[in-house]
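# Structural description and commentary
These are the residues of each chain, in order.
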Amino acid sequence: MKYLYYPGCSLKSTGRAYEESALAVTEALGMRMDELEDWNCCGATNYMSISELKSFALSGRNLSLANRQANNTESVSLVAPCAACYLGLTKAKRYIEEYPEIRSKVDGALNAAGLEYRDHVRVRHLLDVLVNDFDQRSITERVKVKLAGMKVACYYGCQIVRPYSEFDDQHNPTSMERLFKSLGMDVVDWPLKTRCCGGTLTGTVSEVGQRLSYILLREATRRGANVIVTACPLCQFNLECYQSEMSKRFNDSVHIPVTYFTQLMGLALGIPRKKLGLHRLFVPIPDGVESPAAGGAHVLA
Amino acid sequence: MSSLDNKHNGSARVGVYICHCGINIAGKVHIQDVVDIAKKLPGVTVAKEYKFMCSDPGQEIIQEDIKKGLIDRVVVASCSPLMHEPTFRGAMAKADGNPFMFQMANIREHVSWVTKDKGLATDKSKALVAAAVARVMFHQPLTKTQVPVNPNVLIVGGGIAGIHAALTMANAGKKVYLVEREPTIGGHMAKFDKTFPTLDCSACILTPKMSAVRAHPNITLWTYSDVVGVDGFVGNFKIKVKLRPRYVIEEECVGCLECIEACIFKHGKFKDEFNVGLAKRKPIYVPFPQATPLVAVIDPETCAYFRAKCKKPCADVCEKKAIDFNQKEEIVEVDVGSIILATGFKTFDASRVARYGYGKYPNVYTSLEVERLVNAAGPTGGEVVLANGKKPKSVAIIHCVGSRDANSNKYCSKVCCMYSLKLAHLVKERTEADVYNFYIDMRTPGKGYEEFYERLLLEGINFIRGRVAEVTDWAMTPDEEEKLVIRAEDTLVGKVRRIPVDMVVLAVGMEAQPDADDVRRMFNISCSHEGWFLERHPKLAPVSTLTDGVFLAGACQGPKDIPDSVAQAGAAAAEALALIDIGHVELEPNTAFVRDEFCSGCRTCMNICPFSAIAIDTEKDTAVVNGALCKGCGTCVAACPSGALQQNLFTDEQIFHEIEGVMNYV
Ligand SMILES: Cc1cc2nc3c(=O)[nH]c(=O)nc-3n(C[C@H](O)[C@H](O)[C@H](O)COP(=O)(O)OP(=O)(O)OC[C@H]3O[C@@H](n4cnc5c(N)ncnc54)[C@H](O)[C@@H]3O)c2cc1C
């Protein structure tokens, strides 16, 4: 299987730490993931809401570039760590392949740029790849660090499993929980894991948006979590960046680190904090939680 | 016996009749164009069209043309032969024509119903008519043979449907073999306390019928048994039944149950299937006090004796010496003329809808579990209690779990609204709890059903219209702490609601049995894509199947309540009785025959024939088919390396000319 990395806009800006940690983790696992050359916007949210066809053409271009870069091999996965990119690309792929009218229009646009659409490029979320293409035991064997007392709440948000559930259950996904158990961490039962984080409402109607984020954070804390891991740049941003504002607004003290799942994973694999972008967090993971645990012995025992 | 040398002699006179089928065909096919083409086809002497060929006047047109000597063979272009081939063959026979000098072109199901473009539909109709004409030129007059119908009947499944069919047949004096795979008959109905809409006691109306089955001289009841082989055809089936060892001799056991008392396990320890896991049973048990037959059964998976660690106190205490650890599986063979399948349904696995928390939260139950809780003979003696033994103060019933849902089953399970009303009433009666029904639409058509709904409204049961989003233990307010919270949109009020309750009941839908596909294969019938057994016609032949002599009763054919299951069981019995009363069946003359000049005597056909119908003529060293034994399966025809074997109604010549007919036209 050949993997190509599709960063999308967030991983080059607000979600830098996601890119840093994703690349560090995949490298540590010996997985080669070249960046897609000359990639463009995935066509998410705004395009999608205003002109679906343009959005499909944008994603269609990324998919045909991936095919070209992989020399037309049959087994290529375009890996999107950002949940919005993942959904945008998946939706475009499905529509292009299902509706001949859409396909011919997208093809027309691509042909004008000397490209053509091919069906076989797979769109994958990074979580899917790390959980399903790797033997979980081999991941455990690479664990170098025990994270004492870390209780993880795994947050999926909406776009990874809805509306398409390509690799996990729509209502009760469990991939991340399985991954973090393989990494030797405790996970908490937190049924809110696919509920809305507030999305773009945090920026537009902040009262509503923040309330949605607050519900998630409060319930995770009540259930004993002391870190939340996410697989989406917008979720991470909403859940982490407004905690002091929320504390005032809801007369509560909200304080819990929210990391990309790859950051906490990298920490367990013994990758230095800086390389994982952990220094960029507003609510840091406390110092000194790490202790050595060669080969994941404590998990395998 | 016909042979291919008998080519049509050029004097064949074909009548072609094109049916409008009202506007079913005429709305899409230019009928007159097809008639015009048909007139020009070689051999055709008459080509006509009519509004409804299947009607009496339609059939008379054909009959008159035969009588006038205008035609000696017929092509009707209309619907599927499944529908009206017998009609037209019958019409020909009445006019002294040979009914096998007939071919049907299906221009309804294969053309007008599935084609949008009129031009294309007309073209395809012309091609099919041309094919049928080319084929019928090579038809030979054939005669049907008659075989007697064995008056015995096999009924598979001893739920209420199977029981009712068995008693109806047995009371009519027929010998019935009833095969049930569980240790007792009764099916789902035996698990209920009350039945809607009358709330009559389920056991009171069911157990007399169960005992009647056991006592009836015309019924042989095999419980704990499976049908493992079905051979033959309508009127003459050969059935193999496997009787699993229950390690208790059925004829000896008097049902005193002392063996169960004596078992080294002092208390139940293993999953009690009858109580859907809500109670524990011993390795030796009867499923419930009115089990029929009331004979203990030993489960070898859990019995200590089978792991050589037990002194068999059960056997010692039995005065009748009925316990026999050496019992072996037994295969019995019986001949029957008809078969009624009544294998019922299974309830939807609620854990498939993860968001309702079944299997995660102990106070989320399925409706079937609650049927056991409200049952006086159930694990709690009829008390509705929570996992901690306390009575619930509030209960939510969620409708349509596994029904009307694109993620599981799209169909409506038909009984859940009504049984949810029943359970709401019973739960309220036993606990005085506040009961909330969350529904999409209330569906209560049926005699006395709407009135029952009305009654429940007056009893103060709450009804909230909206599909539940989730059941969660995530509390937002103090009164939600320690409760299950139902989140749902109340679509009548237009608000999202959170309702905290103590207990949740999931109204699980009905699904086909997990082994329905194996069963349908064994009995050579079809399933709908949801897995329900397929009836011959949804309206006009609802208990027949596409295999003659095999009938359906009850929920194996689709979701159904008890009144419908019983009505269908009666209908299936009537169909079987009609078959027996006629006394014989006519067999299609679709038997195989050998063209000696091509046969090398290789014996491939002989070894492959499932009915041992082929022998070798030792003098000529060629194969011969025994027409009385041949069932027309066609296996030998396909296997013959030299094409010596042919099958009546499907000779190479007929098929190749049919293909040519299409190709010439295209
Ligand atoms: C929770 C619930 C409550 C209900 N309440 C009511 C009510 O109050 N009133 C009402 O009218 N209806 C009610 N119904 C519907 C009712 O259960 C059905 O209408 C009825 O059980 C159908 O009867 P049946 O004989 O077709 O199937 P079943 O009751 O399912 O019986 C089928 C029998 O066949 C046996 N069997 C299956 N496969 C094989 C095989 N391969 N070989 C041998 N044996 C086999 C099974 O073991 C079983 O004994 C309720 C349904 C549910 C789920």
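Residues numbered from 1 in each chain as written. Chains lettered and ligands numbered in written order. Predicted model: local features only at pLDDT ≥ 70, side-chain atom pairs only at ≥ 80, totals over all residues. Heavy atoms only, no water.

As a further point, take the overall build of chain B. Across its full length, chain B holds 17 helices and 34 strands. In terms of its C-alpha atoms, chain B occupies a principal-axis envelope of roughly 90 × 70 × 40 Å. Sequence-distant contacts in chain B: of pairs separated by 6 or more residues, those separated by 24 or more amount to 69%. Just so you have it, chain B exposes about 29,900 Å², and 53% of that area is on carbon and sulfur atoms. The average position of the 77 basic charges and that of the 80 acidic charges among the side chains of chain B differ by 2 Å. (Helix = DSSP H or I, 4+ residues; strand = E, 2+ residues; numbered from the N terminus. Contact = heavy atoms within 4.5 Å. Areas by Shrake-Rupley, 256 points an atom, 1.4 Å probe, with all protein chains shown as cover. Lys, Arg positive; Asp, Glu negative; His and termini not counted. Charge placed at Lys NZ, Arg CZ, Asp CG, Glu CD.)

Another aspect to go through is the interface of chain B and chain A. Contacts between chain B and chain A engage 13 residues on the former and 14 residues on the latter. Summing both sides of the interface, chain B and chain A together bury roughly 1,000 Å²; the carbon and sulfur share of this comes to 42%. Between chain B and chain A we count three salt bridges in total. The partner of B:E481 in a salt bridge is A:R222, with the nearest N and O atoms 3.3 Å apart. Inspection of the chain B/chain A interface yields six residue pairs in polar contact (both at pLDDT 80 or more). (Buried area = accessible area lost by both parts, 1.4 Å probe. Salt bridge = Lys/Arg side-chain N within 4 Å of Asp/Glu carboxyl O. Polar contact = N/O pair within 3.5 Å; in protein donor to acceptor, adjacent residues only side chain to side chain.)

Moving on to the site of the ligand. All names here are of chain B. Residues in contact with the ligand amount to 35 residues; listed here are only the nearest, E180, H188, K422, K560 and I562. One of the side-chain N or O atoms of K422 is found 2.7 Å from an oxygen atom in the ligand. Alone, the ligand offers 1,000 Å² of accessible surface; in the complex the protein occludes 96% of this. For the shell around the ligand, the secondary-structure elements that each account for two or more residues are α6 (160-171), β8 (194-195), β19 (345-347), α10 (367-373), α11 (416-431) and α14 (562-582). Considering every element that reaches the shell around the ligand, the biggest residue donor is α14, with three residues. Residues of the shell around the ligand, tallied by class, amount to 13 nonpolar, 13 polar and nine charged. (Near = heavy atom within 4 Å. Nonpolar A, V, L, I, M, F, W, Y, C, P; charged D, E, K, R; others polar.)

Here we take up the confidence of the model for chain B. All names here are of chain B. Looking at chain B, the pLDDT average stands at 95 and 98% of residues meet or exceed 70. Here residues 1-6 is a poorly scored stretch, pLDDT under 50, and it has 16 contacts once near neighbours within four places are set aside; other chains count. Listed scores for the predicted complex are pTM 0.87 and ipTM 0.82. (pLDDT = per-residue confidence, 0-100.)

Inspection of the secondary structure puts B:K447 in the loop between β22 (434-439) and α12 (449-458). Sequence separation between B:K447 and B:A130 is 317 residues, and the spatial gap between their C-alpha atoms is 53 Å.

Now for the pairing of strand β8 (residues 227-230) of chain A. Residues and elements named next belong to chain A. Side-chain alternation along β8 places V227 and V229 on one buried face and I228 and T230 on a second face that is also buried. Inspection of the sheet shows strand β6 (residues 151-154) paired to β8 by three bridges, in the parallel sense. For V152, the partnering residue across the bridge sits in β8 and is V227. (Buried < 20%, exposed > 50% of the residue type's maximum accessible area, 1.4 Å probe, protein only. Pairing = 2+ DSSP bridges.)

This next bit is on the state of the cysteines. What is meant by a disulfide is a covalent connection between two cysteines, made through their sulfur atoms. Residue and element names in this part refer to chain B. Within the structure shown, the criterion is met by one disulfide over all chains. Not part of a disulfide, C412 finds its nearest cysteine sulfur in C417, a span of 6.5 Å. Unpaired in terms of disulfides, C416 finds its nearest cysteine sulfur in C412, a separation of 6.7 Å. Judged by relative accessible area, which is 7%, C416 ranks as buried. (Disulfide = S-S within 2.5 Å.)

This part takes up the pattern of salt bridges. Applying the stated criterion across every chain yields a total of 58 salt bridges over all chains. We note a salt bridge from A:D189 to A:R223, for which the minimum N-O separation is 3.7 Å. In this pair, A:D189 is assigned in the loop between β7 (186-187) and α9 (201-204) and A:R223 in the loop between α10 (206-222) and β8, connecting sequence segments 34 residues apart. Across the salt bridge formed by B:E511 and B:R352, the nearest N and O atoms sit 3.1 Å from each other.

Our focus in this paragraph is helix α8 (residues 175-182) of chain A. All names here are of chain A. With six of eight residues buried, α8 lies mostly within the body of the structure. When we look at burial in α8, the residues that qualify are S175, M176, E177, L179, F180 and S182. The first or second residue beyond α8 is G184, which carries a positive phi of 85°.

By size, the foremost hydrophobic cluster in this structure holds 101 residues, and its most contacted members are A:F180, A:L183, A:I228, A:F261 and A:L264. Of all the elements, helix α4 (residues 83-98) of chain A adds the most residues to this core, at seven residues. Counting the residues that make up this core, at least three belong to each of domain 1 (2-128) and domain 2 (141-292) of chain A. Grouped together as the second largest cluster of nonpolar side chains are 84 residues, B:V156, B:I239, B:Y453 and B:F463 included. (Core = buried A, V, L, I, M, F, W, Y, C linked by side-chain atoms within 4.5 Å. Domains from an automatic or database assignment.)

Looking now at the side chain of B:T302. With respect to the helices and strands, B:T302 occurs in the loop between β16 (297-298) and α9 (313-317). Setting aside its immediate chain neighbours within four residues, B:T302 contacts B:F265, B:F270, B:R281, B:P283 and B:R307.

Let us now look at a nonpolar patch on the surface. Side chains of B:F650, B:I655, B:F656, B:I659 and B:M663 sit close together on the surface and give an oily, nonpolar patch of about 500 Å² of accessible area. Within the secondary structure, B:M663 is located in helix α17 (residues 652-665). (Patch = residues over 30% accessible without salt bridge, like charges linked within 9 Å, V, L, I, M, F, W, Y side chains within 5 Å.)

Bringing the sheet that holds strand β10 (residues 219-222) of chain B into the picture now. All names here are of chain B. Judged by pairing direction, the sheet is parallel, and its five strands sit side by side in the order β10-β7-β6-β18-β29 without closing on themselves. The sheet is open, and its two edges are formed by β10 and β29 (550-552), each paired on a single side. Looking at each pair of strands side by side, their axes are set apart by 20° on average, direction ignored. Here three bridges tie strand β18 (residues 338-341) to β29, and the two strands are oriented parallel to one another. Bridge assignment links I339 to a residue of β29, and that residue is V550. Contacts from α6 reach β6 (153-156), β7 (176-179), β10 and β18, with the element oriented near 165° to β7. (Axes fitted to C-alpha atoms, helices over the stretch in contact; angles between N-to-C directions.)

Residues and elements named next belong to chain A. According to the domain assignment, chain A consists of domain 1 (2-128) and domain 2 (141-292). For domain 1 versus domain 2, the separation of C-alpha centres amounts to 25 Å. Taken together, the contact between domain 1 and domain 2 spans 29 residues of the former and 27 residues of the latter. Carbon and sulfur atoms supply 70% of the area that domain 1 and domain 2 bury against each other, a total of about 2,500 Å² over both sides. Viewed at the interface, domain 2 and domain 1 are joined by three salt bridges. Among the ionic pairs, R280 bridges to E20, the shortest N-O distance being 2.5 Å. Summed over the shared surface of domain 1 and domain 2, the number is seven residue pairs in polar contact (both at pLDDT 80 or more).

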